[in-house]
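Chain by chain, the residues run as shown.
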Amino acid sequence: MDLLGTLQWIQALLFTGLGLVALRAYLRQRTRPAAYVAGAFGALAFVTLGTRLTELIVAERPDLFQDAMVLALLAFPWLLAAMVWSFEGPLPRWLRLAGVATAALGLTVLPLPSFGDAERSTAQALFVAGLLIQWVFITGTAAGHLWRVGRGQRVVRARTRLIAGGAIVLAGALLVAGTVDRADRPGLATGIALLVIVAALLFAAGVAPPALLRWYWRQLPGQRMHEMQTALVAAATPDEVAHAVTPVLGDTFGAGSLCADPSGRIVAAHAMSTDEAERVLAGIIEDEPSREDVRALTVDGWWLAVHASPYAPLFGEDERGLLERFGAQFRLALQRAELFVAHQRDKAELERAGAEMQSMLVGLSHDLRSPAVTISTYASLLREARDADDREQMITGIRDSSAYLDRLVDGLLELSRIGRSDGEPEPVALHAVIDGVQRRLAATHPSLTVEVHTDLPTLCVDRLRIEQVIDNLLGNAAKHGGRQDLTIDVSWEPNADGGTLVLTDDGRGVPDREREAVFALFRRGSGASVSGSGVGLGLVRRIVESYDGRIAFAPSETGARVELELPAELLQPEGSASPGLPQVVSPPHP
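Residues numbered from 1 in each chain as written. Predicted model: local features only at pLDDT ≥ 70, side-chain atom pairs only at ≥ 80, totals over all residues. Heavy atoms only, no water.

A.B. asks: In this structure, what is going on with the overall build of the protein chain? I would like to understand it.
C.D. replies: For the protein chain, the helix and strand inventory stands at 16 helices and 12 strands. Split into buried and exposed, the 590 residues of the protein chain put 46% on the buried side. Of all intrachain contacts in the protein chain linking residues separated by at least 6 positions in sequence, the fraction that spans at least 24 positions is 69%. Split by element, the accessible area of the protein chain, about 29,000 Å² in all, is 58% carbon and sulfur. (Helix = DSSP H or I, 4+ residues; strand = E, 2+ residues; numbered from the N terminus. Buried < 20%, exposed > 50% of the residue type's maximum accessible area, 1.4 Å probe, protein only. Contact = heavy atoms within 4.5 Å. Areas by Shrake-Rupley, 256 points an atom, 1.4 Å probe, with all protein chains shown as cover.)

A.B. asks: I keep staring at the packing of aromatic side chains and nothing clicks. Help me out?
C.D. replies: Two descriptors summarise a pair of aromatic rings, namely the distance from one centre to the other and the angle between the planes of the rings. Across all of its chains, the model carries 8 aromatic pairs by this definition. Between Phe-76 and Trp-135 the ring centres are 5.4 Å apart and the planes differ by 25°, which places this aromatic pair in the stacked class. Of the two residues, Phe-76 is situated in helix 3 (residues 63-86) and Trp-135 in helix 5 (residues 122-149); the sequence distance between them amounts to 59 residues. Judged by relative accessible area, which is 0%, Phe-76 ranks as buried. Consider the rings of Trp-302 and Phe-330, whose centres lie 5.9 Å apart with planes at 65°: the pair is edge-to-face. In this pair, Trp-302 sits in strand 4 (residues 302-308) while Phe-330 sits in helix 12 (residues 317-384), placing the two residues 28 residues apart along the sequence. Accessibility assignment for this pair places Trp-302 and Phe-330 in one class, buried. Connected via pairs of aromatic rings, a cluster forms that spans Phe-41, Phe-76, Trp-135 and Phe-203. (Phe/Tyr/Trp six-rings, centres within 6.5 Å; stacked < 30°, edge-to-face > 60°.)

A.B. asks: Sorry, what's going on with the side chain of Thr-51 here?
C.D. replies: With respect to the secondary-structure elements, Thr-51 resides in helix 2 (residues 32-57). In terms of polar contacts, Thr-51 uses its side chain to reach the backbone carbonyl oxygen of Val-47, at 2.6 Å. (Polar contact = N/O pair within 3.5 Å; in protein donor to acceptor, adjacent residues only side chain to side chain.)

A.B. asks: What should I look at first to understand the environment of His-270 in this one?
C.D. replies: Relative to the assigned elements, His-270 resides in strand 2 (residues 266-270). It is 8.4 Å that separates the C-alpha atoms of His-270 and Ala-255, two residues lying 15 residues apart in sequence. In terms of polar contacts, His-270 uses its side chain to reach the side chain of Asp-251, at 2.9 Å.

A.B. asks: Explain unusual backbone geometry here, please?
C.D. replies: Across the chain, the bulk of peptide bonds are trans and the bulk of non-glycine residues have phi less than zero. Within the chain, Ala-271 stands out as a residue other than glycine whose phi angle is a positive 55°. Residue position: Ala-271 is located in the loop between strand 2 and helix 11 (274-285). Its identity as a non-glycine residue notwithstanding, Asp-548 has a phi of 65°, on the positive side. Within the secondary structure, Asp-548 sits in the loop between helix 16 (536-546) and strand 10 (550-554). Its relative accessible area of 67% is what places Asp-548 among the exposed residues.

A.B. asks: Looking at this structure, I do not really get the sheet that holds strand 3 (residues 294-299). What am I missing?
C.D. replies: Paired through their backbone hydrogen bonds, the strands of a sheet run either parallel or antiparallel. Ordered by their spatial adjacency, 4 strands build an open sheet running 2-1-4-3, and the pairing between neighbours is antiparallel. Either end of the sheet is taken by a strand with one partner, and the two such strands are strand 2 and strand 3. Ignoring which end each strand starts from, the neighbouring axes of this sheet average 10° apart. Inspection of the sheet shows strand 1 (residues 255-260) paired to strand 2 by 4 bridges, in the antiparallel sense. Within the sheet, the bridge partner assigned to Ala-260 lies in strand 2 and is Ile-266. Running at roughly 25° to strand 2, helix 10 (residues 238-253) makes contact with strand 1, strand 2 and strand 4 of the sheet. (Pairing = 2+ DSSP bridges. Axes fitted to C-alpha atoms, helices over the stretch in contact; angles between N-to-C directions.)

A.B. asks: Is there a simple way to think about the environment of Asp-300 in this case?
C.D. replies: One can find Asp-300 in the loop between strand 3 and strand 4. Taking C-alpha positions, Asp-300 is 8.2 Å from Pro-262, a pair spaced 38 residues apart along the chain. Setting aside residues up to four positions removed in sequence, Asp-300 forms contacts with Pro-262, Arg-331, Leu-334 and Gln-335. Of note is the side chain of Asp-300, whose polar atom sits 3.5 Å from the side chain of Arg-331.

A.B. asks: Please explain the confidence of the model for the protein chain as it appears in this structure.
C.D. replies: For any part of a model where pLDDT is low, the fine detail of the predicted coordinates should not be relied upon. When pLDDT is averaged across the protein chain, the result is 80; 81% of the residues are at 70 or more. Note that residues 110-120 has pLDDT below 50 and, in this model, 25 contacts with residues that lie over four places away or in other chains. (pLDDT = per-residue confidence, 0-100.)

A.B. asks: Can you help me understand the nonpolar core in this one?
C.D. replies: Counting 52 residues, the largest nonpolar core has Phe-41, Phe-76, Trp-78, Leu-131, Trp-135, Leu-170 and Phe-203 as the members making the most contacts within it. Sorting the residues of this core by element identifies helix 1 (3-29), helix 2, helix 3, helix 4 (93-106), helix 5, helix 6 (154-179) and helix 7 (186-207) as the ones contributing at least two each. A total of 14 residues in this core trace back to one element, the largest contributor, which is helix 3. Once residues lying within four places of it in the same chain are set aside, the contact partners of Phe-76 are Ala-40, Phe-41, Leu-44, Trp-135, Leu-170 and Phe-203. (Core = buried A, V, L, I, M, F, W, Y, C linked by side-chain atoms within 4.5 Å.)

A.B. asks: What is the right way to look at the pattern of salt bridges in this model?
C.D. replies: Oppositely charged side chains can pair when the atoms bearing their charge come close. All told, the structure shown has 16 salt bridges when counted by the stated rule. Arg-439 is the salt-bridge partner of Asp-400, the closest N and O atoms lying 3.0 Å from each other. Here Asp-400, found in helix 13 (residues 388-412), pairs with Arg-439, found in helix 14 (residues 430-441); they are 39 residues apart in sequence, far enough to count as distant. For Arg-439, a relative accessible area of 31% gives the class partly exposed. The structure contains a network of salt bridges with shared partners spanning Asp-239, Asp-261 and Arg-265. (Salt bridge = Lys/Arg side-chain N within 4 Å of Asp/Glu carboxyl O.)

A.B. asks: What should I look at first to understand the side chain of Glu-563 in this one?
C.D. replies: Looking at the secondary structure, you find Glu-563 in strand 11 (residues 561-567). Those residues in contact with Glu-563, other than ones at most four positions away along the chain, are Thr-500, Leu-501, Val-502, Arg-550, Ile-551, Ala-552 and Ala-554.

A.B. asks: Mind showing me how you'd approach the packing of helix 15 (residues 463-480) against helix 16 here?
C.D. replies: Any two packed helices are characterised by how steeply their axes cross, that is the angle between the axes, and by the distance between the axes. Orientation of helix 15 relative to helix 16, taken along the N-to-C sense of each, is 145°, at an axis distance of 9 Å. Pair helix 15 / helix 16 crosses with left-handed handedness. Of the residues in helix 16, those in contact with Arg-465, Gln-468, Val-469, Asn-472, Leu-473 and Asn-476 of helix 15 are Gly-536, Leu-537, Val-540, Ile-543 and Val-544. For the contact of helix 15 with helix 16, the residue count by class is 6 nonpolar, 4 polar and 1 charged. (Left-handed = near helix turned anticlockwise from the far one by under 90°. Nonpolar A, V, L, I, M, F, W, Y, C, P; charged D, E, K, R; others polar.)

A.B. asks: Could you clarify how one ought to interpret the packing of helix 14 against helix 15 in this entry?
C.D. replies: The geometry of helix 14 relative to helix 15 is characterised by a closest axis approach of 9 Å and an angle of 50° between their N-to-C directions. In terms of orientation, helix 14 and helix 15 fall into the oblique class. Here the hand of the crossing between helix 14 and helix 15 comes out right-handed. Contacts between helix 14 and helix 15 involve Leu-430, Val-433, Ile-434, Val-437, Arg-440 and Leu-441 from the first element and Ile-466, Glu-467, Ile-470, Asp-471, Leu-474 and Gly-475 from the second. (Parallel < 35°, antiparallel > 145°, perpendicular 65-115°, else oblique.)

Listed below in structure tokens is the structure:
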């Protein structure tokens with residue numbers, strides 16, 4: 001066998017192998033682009049291998065077989081172009097018209113002698129001219145599109161330009177074979193055979209790139225990897241880790257990529273539309289059968305997925321290993337970010353606890369002073385009292401204040417945060433709490449009147465906490481109301497979400513601009529005329545909010561109006577509420 005024959009067998013075997021690879025890909029994928037690829041390279045395999053085999057069997061090819069090879073040669077450029085544009089949707093109109101022209105040209109097929117023969121009929125010459133024009137136009141257009149389509153991705157660009165290069169080389173070889181007389185140029189046929197082999201190798205490298213070539217394509221520039229590593233080190237949250245890894249993952253594979261958290265939320269996506277990313281993730285989560293174009297990996301509940309673009313190289317074991325290495329990097333960065341988030345959370349909690357502890361100590365000094373003053377006042381009055389009933393009233397006041405003081409001292413070591421304690425909730429009748437607080441205040445504010453106009457509920461709360469709330473609210477009104485004979489009206493307004501405890505007085509009120517500010521710790525109203533630390537209302541708000549309630553000063557025509565909203569979870573079931581009839585708690589008179 002001479003050199004030319006050997007080269008022709010090599011090109012036949014190359015295209016046959018390429019056709020088998022394309023056929024296998026179609027049988028797995030069952031897509032239109034895969035069908036066009038299988039048809040295109042199957043046609044070239046039929047032409048090259050068929051020519052070699054018939055030369056071994058018969059001296060002259062039958063006309064029917066030769067016509068079939070010419071039709072296959074005509075079909076290749078159109079099938080290649082159809083493969084290129086089918087990746088992007090329906091075929092363009094010009095390509096459909098080119099398909100009609102190709103079919104019409106195929107109907108004129110005549111037994112075609114070798115391109116090197118000197119004598120050709122006019123019809124045969126016209127047919128060869130039409131075939132060459134069809135090849136140059138369609139193949140050149142497809143090659144140009146492939147050359148441009150890969151600009152955005154290094155991996156995709158490498159693959160599409162190999163296929164484009166193969167198409168250009170093959171079209172050039174056919175053009176030379178159809179236009180140049182080879183009779184006196186024995187080396188020309190060898191050169192054409194070498195060009196066809198080069199085209200076959202370029203096609204093979206683009207359609208089914210070997211693992212070594214795919215590995216080379218996926219070696220991103222060191223600067224890009226360095227940027228990713230820097231971003232991973234600086235990532236303070238899992239979401240930032242996802243945004244650092246996802247684009248590099250997609251660029252490495254020449255594909256779309258996404259990262260989703262354990263809840264199924266897509267945190268980051270690259271080279272994919274939102275709808276496409278959601279479809280891919282839904283298929284992964286629903287455990288659809290493995291597809292050739294999707295690879296996914298779970299990392300501590302997170303999803304890393306790669307969705308190959310139509311032009312990306314096929315996935316293999318090497319790509320799977322590469323994806324797992326990305327997953328290992330992602331896991332390390334994710335754990336580091338989660339530790340950082342936990343550290344920041346613990347630090348903030350520690351700082352908040354320290355600030356609350358400091359505020360609590362200040363608040364406790366405030367709360368301790370009130371019963372201490374009451375005890376001191378009653379003790380002074382008791383020394384001068386002559387009537388037995390008055391003495392008993394003084395003693396009762398001292399006992400109540402001492403009991404309250406004792407509960408505050410007992411709760412001192414239990415409190416770690418403002419408005420919260422470890423005490424077990426218990427049923428506490430609001431009317432009893434108000435009555436007890438009013439009796440304690442009677443020593444320092446004997447003209448204070450507290451009127452309860454509705455039934456008050458029984459709350460399931462820590463008794464000490466609710467006593468702190470009522471004591472501060474009534475005491476604040478008595479001290480800053482601006483009059484000795486202050487009257488505080490108390491009512492309960494039930495609603496679907498619980499209810500509102502309303503305290504309204506006939507004092508000087510709170511200016512509109514200060515209604516919110518007075519709840520800040522160490523902040524006192526502009527009209528405060530007595531000494532104080534400015535923490536009472538701040539303590540009240542924190543206790544109320546710890547029970548998911550809300551407290552605020554509301555607009556009022558006269559005096560101050562405080563609304564204390566409490567959720568339904570704190571209320572005792574119906575029938576357990578305190579039986580308090582509308583009542584007037586009159587101040588005791590020594």
